[in-house]
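Each chain, letter by letter, is given below.
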Amino acid sequence: MGDAKRHDDAVTAELRLPITGDCQLDEAVLRWLSWDKNVHTRAELLALLAWPHVDELRSRLSSRLTFGTAGLRAPMGAGFNRINDLTIIQATQGLCAYLLRCVPDTAHRGVVVGFDARGRRESGCSSERLAALTAAVMLSRDVRVHLFSSYIPTPYVPFGVLELGAAAGVMITASHNPKEDNGYKVYWCNGAQIASPHDKGILKSMEEHLEPWSASCWDVQLVHTSPLRTDPLSHVDRRYLDQLASLCFHRQINSSCPLKFVHSSFHGVGHVFVRQAFQAFGFPPPIPVPEQKDPDPDFPSVRCPNPEEGESVLELALLLAEKEKARVVLATDPDADRLAVAETCDRCRWKVFSGNELAALLGWWMLFSWKETHDDPADLQHVYMLATTVSSKILQALARVEGFHFEETLPGFKWIGNRIHELTGSGKTVLFAFEESIGFLCGALLPDKDGVSAAAVVAEMAAYLHHRKLSLQQQLHNIYLTYGHHVSTSSYVICNDAATVHKIFARIRDFDGRGSYPDTCGGVRIVHVRDVTTGYDSSQPDCRSVLPVSRSGHMITFTLHNGVVATLRTSGTEPKIKYYSELCATPGISDVCCLEAELKQVWRCLHERNISKNKINRAEFNSFVCEQVQTPFPYELGNCIKYKQNTMICKSFSTHIQLNMLQRQHT
């Protein structure tokens, strides 16, 4: 502590306090400069001080990272709420101390650490370096570390935790986020992402261990010299592929299938691993998109490294598929835990499946394949499928007809993963689980979404259907005819101001000024309201939500009399408000256009009615970012989305305003 105090005094003298005129901010600046040893991030902060950019300094130093639905995630750069060397050391110190208190034999069991290919040269920050620092902190406390020697897909970490019997796992990745971001995803000893109470316990432990313990925490060379470090890559790779083979049911059809598959890894880590998975299923290798095959942290060929964005980001893959006469395109996101799929239509058009549509196909396929090897219908009593509550209810429809169990969880695969652990621990079989944002888990190889195994399973399903002279689209139509059409749409808004987000949800909860929610929408009665932020659920006798209360964000769901379910929630990883709506029809109703029109009317009314109650002022309006939303209803017009009657939506459920008002605010 004496050395740190002398260093603080030296920094203070050098900067000649006061620095910014804000005492608390000045203290945060000094603390940062006294702890941070990365020359790049120190230089970045000193450059901000030189002006000084007080607002930017306050933004970076006045708050700390918190666990969202996918761990810690933020832009790379200097600051206590950015991803950088210091914050990764702080997070790992908190995790290490917590594990040593809570998990028996942590030091011997060790921690699995993996990384993707992200990096930011300006901050001297890469996933590989951050993984080495994570390992160094653990090694400084004599905790064994199973550090992968090369980049891996995220699913290898939870799989490795289970395979090696580790106390926990850490994956350095920001998945499909913009290139400026990185993240720190933590897995518990059960292989699932951490949830309450562990997330809160680790955060509290982080607060108790903010100052780096020793110089060893900064020593990335420890991973090369410590006898406590092992490289699990070859073992995990081999065991993963061995277990993946259990999901292959038609190897002979696969090996003789004339279908061609194109694969894009979106400049991420996935191609090598998808190629291996194809080989394990008896397929020839998929055709790679050459511009996107190799890892590149700049993601140069896509405006957004997120295959969920659809056809606009799949352009290179679709063009290559047309050239190669490939029927199916598979795209994994940069850390290969999610999967997008497209299939050719007539006249050289492409059908890009939504996450809900792919789930209908994969849920049907996993059940069909399971039934081929299980003759006794009574066995279905032990079979489960899972989905997040904002995802399609199609699996629920399958469960009603087929007799297996279906359960919903809160959004985020951490909830699904922990429920899988509970179910499998009691002897149940989990055949399939998904979230609508193209996250799928076929079988129960690991308790997290897995784009690598899903890619191989989709390829086998397509090959089998082709053998039966069916396409994926035709089979999807058959599923909807049998179990009922499920028409859905999802979208999001970007809002960087937390106060504005809070006001939007507060207005919904006080819709009529008397502290109650809306009761109709477009003339359709709202029969149930569920608000998991407050724990309210009108469908329950005691009006208490069955799903766990989650005060870390907002989520409100409306169920309408006509079968529409609509949810509005905040994202746990990005400054987004997301909204989802679905119309679940009974089997036998085949007029899809009518269903889409009905859903469209409700979707539009939810916006309009909300706006009629919300007077969006200029400051609130300006906190939104106009970007294209993912929905079949609006079409793009400049930076906004235009609707009939000259009504526009500026990326917001609650900023639905008339065109002339929008023009006035811009001027």
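In the block above lies the structure referred to throughout.
Here is a short report on the structure shown in this document. Residue numbers restart at each chain and count upward from 1, following the sequence in its written direction. In keeping with the model being predicted, local features are shown solely for residues with a pLDDT of at least 70 and side-chain atom pairs are shown and tallied solely at 80 or more, while totals for entire chains, interfaces and linings include all residues. With hydrogens and water set aside, each side-chain value is computed from the structure's full complement of heavy atoms.

**Thoughts on the overall build of the protein chain**
- Counting from the N terminus, the helices are DSSP H or I runs at least four residues long and the strands are E runs at least two residues long. Looking only at helices and strands, the protein chain features 23 helices and 29 strands.
- The contacts in the protein chain between residues at least 6 apart in sequence include a share of 69% that link residues at least 24 apart.
- Just so you have it, the protein chain exposes about 26800 Å², and 51% of that area is on carbon and sulfur atoms. Contacts between residues were defined by any pair of non-hydrogen atoms, one from each residue, lying within 4.5 Å. Method for areas: the Shrake-Rupley scheme with a 1.4 Å probe, in which residue coverage is limited to the protein chains shown.

**Regarding the packing of aromatic side chains**
- Whether two aromatic rings pair depends on their centres lying within 6.5 Å, for rings of Phe, Tyr and Trp, where Trp uses its six-membered ring; planes under 30 degrees apart make the pair stacked, over 60 edge-to-face, and the rest tilted. For the structure on display, the rule yields 17 aromatic pairs.
- Consider the rings of Phe278 and Phe283, whose centres lie 5.3 Å apart with planes at 45°: the pair is tilted. For the residue pair Phe278 and Phe283, the accessibility class agrees, reading buried in each case.
- Three or more aromatic residues joined by ring pairs make a cluster, and in this case those are Tyr156, Phe159, Tyr240 and Phe273.
- Sitting over the ring of Phe80, Arg64 keeps its end group 4.5 Å from the ring centre. We call a residue buried when its accessible area falls under 20% of the maximum for its residue type, exposed when it is over 50%, and partly exposed in between, using a 1.4 Å probe and counting protein chains only. For a Lys NZ or an Arg CZ to count as sitting over a ring, it must be within 6 Å of the ring centre and within 35 degrees of the ring normal.

**Here we look at the environment of Gln24**
- By secondary structure assignment, the location of Gln24 is in helix α2 (residues 23-35).
- Assessed through its relative accessible area of 67%, Gln24 is described here as exposed.
- Sequence-wise, Gln24 and Arg58 are 34 residues apart; in three dimensions their C-alpha atoms are separated by 9.5 Å.

**Overview of helix α9 (residues 198-208)**
- Listed in full, the buried residues belonging to α9 are Asp199, Gly201, Ile202, Ser205 and Met206. Seen from one end, α9 has its buried residues packed into an arc of 160°, which puts them on one side. Across from the buried face of α9, at angles greater than 90 degrees, the exposed residues are Lys200 and Lys204.
- Buried residues along α9 sit in contact with β1 (72-75), α5 (85-102), β7 (181-187) and α17 (413-425). By construction, the arc corresponds to the directions joining the helix axis to the C-beta atoms.

**What about empty space enclosed by the protein?**
- Residues are called lining when one of their atoms sits within 4 Å of a cavity or pocket point, these points coming from a 1 Å grid over the protein atoms alone, where a cavity is a set in which a 1.4 Å probe fits but cannot get out and a pocket is an open set with protein on both sides within 12 Å along at least five of seven lines. Grid points are joined across faces, edges and corners, and a volume is the space filled by probe spheres set on the points. Within this structure, the stated rule accounts for eight cavities of 30 Å³ or more.
- Put simply, the largest cavity is a space of about 410 Å³.
- If you trace the largest cavity, you find 34 residues lining it, with His176, Arg338, Ser437, Arg569 and Lys578 closest to the centre.
- Within the residue set of the lining of the largest cavity, elements represented by two or more residues are α17, β18 (486-495) and β24 (576-584).
- In the lining of the largest cavity, the residues fall into six nonpolar, 14 polar and 14 charged. The classification used treats Ala, Val, Leu, Ile, Met, Phe, Trp, Tyr, Cys and Pro as nonpolar, Asp, Glu, Lys and Arg as charged, and all other residues, Gly among them, as polar.

**Structural notes on the pairing of strand β23 (residues 564-570)**
- With seven of seven residues buried, β23 lies mostly within the body of the structure.
- Side chains Val564, Ala566, Leu568 and Thr570 of β23 all project onto a buried face; the interleaved residues Val565, Thr567 and Arg569 project onto the opposite face, where all are buried too.
- When strand β22 (residues 555-560) meets β23, the two strands line up antiparallel, connected through five bridges. Following the sheet pairing, Met555 is matched in β23 by Arg569.
- Hairpin connection from β22 to β23: three residues lie between these consecutive antiparallel strands, with Gly563 at a positive phi of about 100°.
- Strands pair, by our definition, only if DSSP identifies at least two bridges between them. Sheet topology note: the β23/β24 ladder contains seven bridges and is antiparallel. Considered in β24, the bridge of Val565 is made with Glu582.

**Overview of helix α13 (residues 270-280)**
- Of all the 11 residues making up α13, eight are buried; the element is thus mostly covered by neighbouring parts of the structure.
- Taken together, the buried positions of α13 are occupied by Gly270, His271, Phe273, Val274, Gln276, Ala277, Phe278 and Ala280.
- Directly beyond the C-terminal end of α13, a positive phi value near 85° is found at Gly282.

**Brief notes about the sheet that holds strand β10 (residues 287-288)**
- One open sheet accounts for five strands, arranged β10-β9-β11-β12-β13; its pairing is mixed. Of all strands in the sheet, those with a lone pairing partner are β10 and β13 (350-352), marking the two edges.
- Bridge analysis of strand β12 (residues 339-344) against β13 gives three bridges, and the strand direction is antiparallel. Paired with Glu343 across the two strands is Lys351, which belongs to β13.

**Some words on the packing of α5 against α9**
- A fitted line through C-alpha atoms serves as each axis, taken over the contacting stretch for helices, and the angle formed by two N-to-C directions is quoted from 0 to 180°. Relative orientation of the contacting elements α5 and α9 amounts to 115°, with a least axis distance of 7 Å. Seen along the crossing, α5 lies across α9 with a hand that is right-handed. Packed against α5, whose contacting residues are Gln90, Ala91, Gln93, Gly94, Leu95, Ala97, Tyr98 and Arg101, the element α9 presents His198, Gly201, Ile202, Ser205, Met206 and Glu208 at the interface.
- Classifying every residue of the contact of α5 with α9 gives six nonpolar, six polar and two charged. For a crossing to be left-handed, the near helix must be turned anticlockwise from the far one by less than a right angle; the clockwise case is right-handed.

**Remarks on the packing of helix α3 (residues 39-50) against helix α4 (residues 54-61)**
- For the pair α3 and α4, the least separation of the axes is 8 Å and the interaxial angle reads 145°. Remark: the crossing between α3 and α4 carries left-handed chirality. Only Glu56, Leu57, Arg60 and Leu61 of α4 make contact with α3, whose side of the interface consists of Glu44, Leu45, Leu48 and Leu49.
- Looking at side-chain class alone, the contact of α3 with α4 contains five nonpolar, no polar and three charged residues.

**Structural notes on the nonpolar core**
- Only buried residues count toward a nonpolar core, which is a set of Ala, Val, Leu, Ile, Met, Phe, Trp, Tyr and Cys residues joined through side-chain atoms within 4.5 Å. With 105 residues, the main nonpolar core has Phe432 and Phe440 as its most contacted residues.
- The greatest single-element share of this core, amounting to 12 residues, is contributed by helix α18 (residues 451-467).
- Excluding residues that lie within four positions of it along the chain, Phe432 makes contacts with Ala359, Leu362, Gly363, Met366, Tyr384, Met385, Leu386, Leu395, Phe440, Leu441 and Cys442.
- If you look at the next biggest cluster of nonpolar residues, it comprises 61 residues, including Phe80, Leu86, Cys96 and Val103.

**Notes on the sheet that holds strand β17 (residues 439-442)**
- Taken together, four strands build an open sheet; the order of strands is β15-β14-β16-β17 and the sheet is mixed. The strands lining the two open edges of the sheet, one partner per strand, are β15 (405-409) and β17. Going from strand to strand, the sheet's axes swing by 15° on average, the running direction of each strand aside.
- The pairing of strand β16 (residues 429-435) with β17 spans four bridges and is antiparallel. Looking at the pairing, Phe432 lines up with Cys442 of β17.
- On top of the sheet, helix α16 (residues 394-402) reaches β14 (383-388), β15 and β16; it is set at about 155° to β15, its chief contact.

**Regarding unusual backbone geometry**
- The step from Trp51 to Pro52 runs through a cis peptide bond, and the omega angle for that step is -5°.
- Looking at the element boundaries, Pro52 is found in the loop between α3 and α4.
- Look at the link from Ser196 to Pro197: it is a cis peptide, with omega at 10°.
- Along the polypeptide, Pro197 turns up in the loop between β7 and α9.
- Of note, Ile438 is a non-glycine position whose phi angle comes to about 50°, a positive value.
- In this fold, Ile438 is placed in the loop between β16 and β17.
- Using a relative accessible area of 3% as the deciding quantity, one classes Ile438 as buried.

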